[in-house]
Amino acid sequence: NPDGTGSKTLHVSIDNASSLVNTEFERVSPAQAPPMIGPAGAEFRVVYATENLGCVVSQDVSLDCEAVKICVTPNDFAIMCNISQSMFDRLRDISSPAEQDSSSEKENHNTSTEKNMRPLSSFVRYKKKGTGIATAIRVEVHAVSFVLLKAYKSYLGSPEFLDFCLSDLKGRFEGCMSALSGETSALLSVNYYNSDASDWEYAMEPVELLVEVDQMPNELVLQLSAKSMIQLNFTGLLLREVADMKFDIKQDRRERDGKVFDDGLGLNPSALSTVGLRRATEARSVKVLNVTGFDVHVVPDSTAFSPESGLISNGETCTVEALPATPLAGADNDLSFSMRLASSAVADIGDREIIYDLIVRPSASQEPRLHLLPPVSPIPHPANGRFSPDTVLTEESNATIEMSLSAEPVVEYCMHNQRISSLVADVYSTPKGCDILSGSVWTPADEDTADLESGPNSIGTQRSPASPRSPSREGSTQKGYWVKPYQNDSPEWTDMTCTLRMALERVMLPDSNWMWANDWTVDLSGRLGESTDADGWEYQTDFESFTRTRRDYQRGDSCRRRRWTRTRMIKPPQLNDPQRLLRFVWDPSTDEHGNVCVVIRSNLRIINRTGGALSFFLFSPSWLHDMAVGNAEPDEKINVPVALANAVYMRIGRASTGDDKTIPEDDHGCSDRLMILPLSPNSSNFLRTSMEMGDVSGTVLHFLVKIISKRGIVDVIVEPVLRIINLLPCQVECQIGEVLDKNDKRSPDIKPAVGKTGRPITMTETLSMGSGEEGKFTAVNPWRKPHVSFRVPGYKWSLWQKIINRRHSTETWRPSETEEEWNFASKSDADFSDE
């Protein structure tokens, strides 16, 4: 206001602030030298209330901070203390002008007491003039982390030691600067990094602390209390590492190593050289995890092998000192490692060559590389002992190496062609409730107008369909609206060019060294709804219009085709053959601190994306029986041992308990064998399979098995056939059901389906989902017209609603009359009052 009344505000906002001590005055990226403080952000605000020409009568101070992280070593502490002490020493000479004009006697007295004066004493005396102003202070910090690092004494980087964590720090004080009272509370814990276990553990359990402050002009009363018992965990390892720490913060700066330093120097050379020495000698760590299934030795290429050097047992991690702290510009900073088998592994898989030139780059742009693990060559080694062929498997080198050892599987293709019936022009030429695509999986067709498929016996699974030459091979598809091509069209079964007639039973093996790995199977690769439909068909207006670019059905299309594949392979060697082909993957990755972790694993990995635990078994035609590779919990990965990674088939089973890792004799609780060989080194396809549980309810679990190969590195991903995501702000219960066949003995559900009075529906699975959660369903058969029903708290179950694999559109199908009336006719809320 013009008369000075009102308020004025000082607001400081800090975002992404960080700091570190750099004694070499060079620009260093945070990735190479992590900051001591930050990045952090805070909001500081002071509001002054004024009157009488702007005189402050009250002040309100607030500090809000989201998170603060401080990482220092004892050496860093010493540097900061030396800097602060030097600054205060230089500020001792600052005095008021009146003191500078005093008599010599007073000057002599000041000289004798100069060192006992407080720095900036005149400035502090000036600030005391405002100590009577009414003040309110509010402090709120969400998280404070003070990490004490170990001393830089090795090439292992800067390992953490103690982490002092404060969370939910809240405080409020009222009064004036000379008489404040209030309290502050926070949750305090101290974490200790156990280097033996490579994990954090509590040195002090989390405890809520309360600090009460009562400040008077001549006294200060602090009361500290804890709301629960303070529990300390002091292990022998912790006490030993505390004793090894060098806390030289309070050491004498004037006399060190027999030398005397002048106070005016401020920073002593010993403290300064600590950071420089860290930059020059510190190296980040390289952790190597071995999950190959056997023991190996891994050392830098410059290190000679010894019986004890670099031994990494299966399933264990070893830290190797090799990575430079600061990559040099324009220089090759790649690190090279060597690997050889341990003596225990030689007895299992035979003696193998030493693998050299396993590269690690100190950057985030690293990809896993597939290597060959060849048997020991009969060629004599050079005098220097280093001999290793090019073991990196690329698209160029793979063919040459495979021809010398064993051939890769070969995929035979054929094309199945169909044309739409002349009686059907588009979806409007068919009765309502029918599917013009004559689909079998998640089909929208009404069950009264199409026969139910038997399930996984139809397509996309290792259970082969009937002979493709048989008229009954397509089940309901042959009964639908698609027929054989016309006389002038492409033949029904052709090669990939759709011109040459092909008889599937005439596709022969080259010689007796080859074998078929599977029967003819529909190729289900491609994006559903974009390149193919759910049954693998691609569409065009005419056969001459087909190109290498696949697409789904569009209105007006009259021709379709889909690929069938069959894989042949060289008969594999025995499991104990020391000359058989083995591969492994060198998989490096870099974290945000520049530390590198390398995983040595096989080229086959199994990932469980379902909602329950599963067990997995592998098999090859040369093995005597299926080999168990372990259980996988939801979202867990299994690294298949290198010795078993040449498997051809996989089976899915119930999670085994204890030592029982065998397949039941009646095959209940286990799926059929699925061929998991990829179609090519870079490919993606999926299969459908099922597993009978063998219980009284007759439950059958259905899975999608996706096989992804990238440069020969294969991931087998097992997924549920149905996912439901709850985006409602409440809990939702979900029931999944399927239409009962005429001969099905399961009991039907009493709820009717939406707009229909056809065949009854049986409930197969129930799941409850919280808000934002995802439900994964496997006990539903996609061939048997799946339905879904929902319920929210306080309401009844909704009617059964059919689940289909495409949107409600007029291009491929139209709902039946009763469904249209139920779904699209205008209704009031009273029609759904109990749902």
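Data block above holds the structure.
Residues numbered from 1 in each chain as written. Predicted model: local features only at pLDDT ≥ 70, side-chain atom pairs only at ≥ 80, totals over all residues. Heavy atoms only, no water.

**Quick look at the sheet that holds strand 33 (residues 683-692)**
Part 1: With mixed pairing, five strands are arranged side by side in an open sheet as 30-27-35-34-33. Only two strands of the sheet have a single partner each, and these edge strands are strand 30 (637-639) and strand 33. The sheet shows a mean angle of 20 degrees between the axes of neighbouring strands, direction not considered.
Part 2: Two elements, strand 27 (residues 604-608) and strand 35 (residues 713-720), share five bridges in a ladder whose sense is parallel. Looking across to strand 35, one finds that L604 is bridged to V714. (Pairing = 2+ DSSP bridges. Helix = DSSP H or I, 4+ residues; strand = E, 2+ residues; numbered from the N terminus. Axes fitted to C-alpha atoms, helices over the stretch in contact; angles between N-to-C directions.)

**Points about a nonpolar patch on the surface**
Part 1: Taken together, the side chains of L10, V12, I14 and F44 define a hydrophobic patch exposed on the protein surface, amounting to about 300 Å² of accessible area.
Part 2: Per-element tally for the nonpolar patch: the top contributor is strand 1 (residues 6-19), with three residues.
Part 3: Assessed through its relative accessible area of 31%, F44 is described here as partly exposed. (Patch = residues over 30% accessible without salt bridge, like charges linked within 9 Å, V, L, I, M, F, W, Y side chains within 5 Å. Areas by Shrake-Rupley, 256 points an atom, 1.4 Å probe, with all protein chains shown as cover. Salt bridge = Lys/Arg side-chain N within 4 Å of Asp/Glu carboxyl O. Buried < 20%, exposed > 50% of the residue type's maximum accessible area, 1.4 Å probe, protein only.)

**Things to note about helix 5 (residues 236-244)**
Part 1: Regarding helix 5, the residues found buried are L237, L238 and E241. For helix 5, the angular spread of the buried residues around the axis is 100 degrees, confining them to a single face. Facing away from the buried side of helix 5 by over 90 degrees, the exposed positions are G236, R240 and A243. (Arc of directions from axis to C-beta.)

**Things to note about the sheet that holds strand 29 (residues 627-632)**
Part 1: Overall, antiparallel pairing links the four strands, which are arranged 29-28-31-32 in an open sheet. With partners counted over all chains shown, the strands left at the sheet margins are strand 29 and strand 32 (674-675), one partner each.
Part 2: Pairing of strand 28 (residues 614-619) with strand 31 (residues 649-654) involves six bridges; the strand directions are antiparallel. Bridged to F616 within strand 31 is I652.

**Examining the packing of aromatic side chains**
Part 1: One pass over the structure, following the stated rule, counts nine aromatic pairs.
Part 2: Ring plane angle 90 degrees and centroid distance 6.0 Å describe the contact between F161 and Y192, whose orientation is recorded as edge-to-face. Separated by 31 residues along the polypeptide, F161 in strand 5 (residues 160-176) and Y192 in strand 6 (residues 179-194) bring together distant segments of the chain. Y192 shares its class with F161; the two are buried.
Part 3: Aromatic side chains F543 and F546 sit 6.2 Å apart centroid to centroid with 40 degrees between the ring planes, which places their arrangement in the tilted category.
Part 4: Ring pairing ties together the aromatic residues W482, Y539 and Y553, which thus form one cluster.
Part 5: A cation over a ring is seen here: R560 above W537, with NZ or CZ 4.0 Å from the ring centre.
Part 6: Here R566 stacks its cationic end above the ring of W516, 4.2 Å away from the centre of that ring. (Phe/Tyr/Trp six-rings, centres within 6.5 Å; stacked < 30°, edge-to-face > 60°. Lys NZ or Arg CZ within 6 Å of the ring centre and 35° of its normal.)

**Details of the pairing of strand 36 (residues 722-725)**
Part 1: With burial as the criterion, only one face of strand 36 is covered, namely that bearing L722 and I724; the residues R723 and I725 on the opposite face remain uncovered.
Part 2: Direction of pairing for strand 36 relative to strand 39 (residues 774-777): antiparallel, over a ladder of four bridges. Looking at strand 39, one finds that I725 is bridged to E774.

**Re the nonpolar core**
Part 1: L604, I606, F616, L618, M650, I652 and V716 are the most contacted members of the largest nonpolar core, which totals 36 residues.
Part 2: Counting only elements with at least two residues in this core, the list comes to strand 27, strand 28, strand 29, strand 31, strand 32, strand 33, strand 34 (700-710) and strand 35.
Part 3: For M650, the residues in contact, after removing those within four places along its chain, are I606, F616, F617, L618, D672, R673, L674, I676, V705, V716 and V718. (Core = buried A, V, L, I, M, F, W, Y, C linked by side-chain atoms within 4.5 Å. Contact = heavy atoms within 4.5 Å.)

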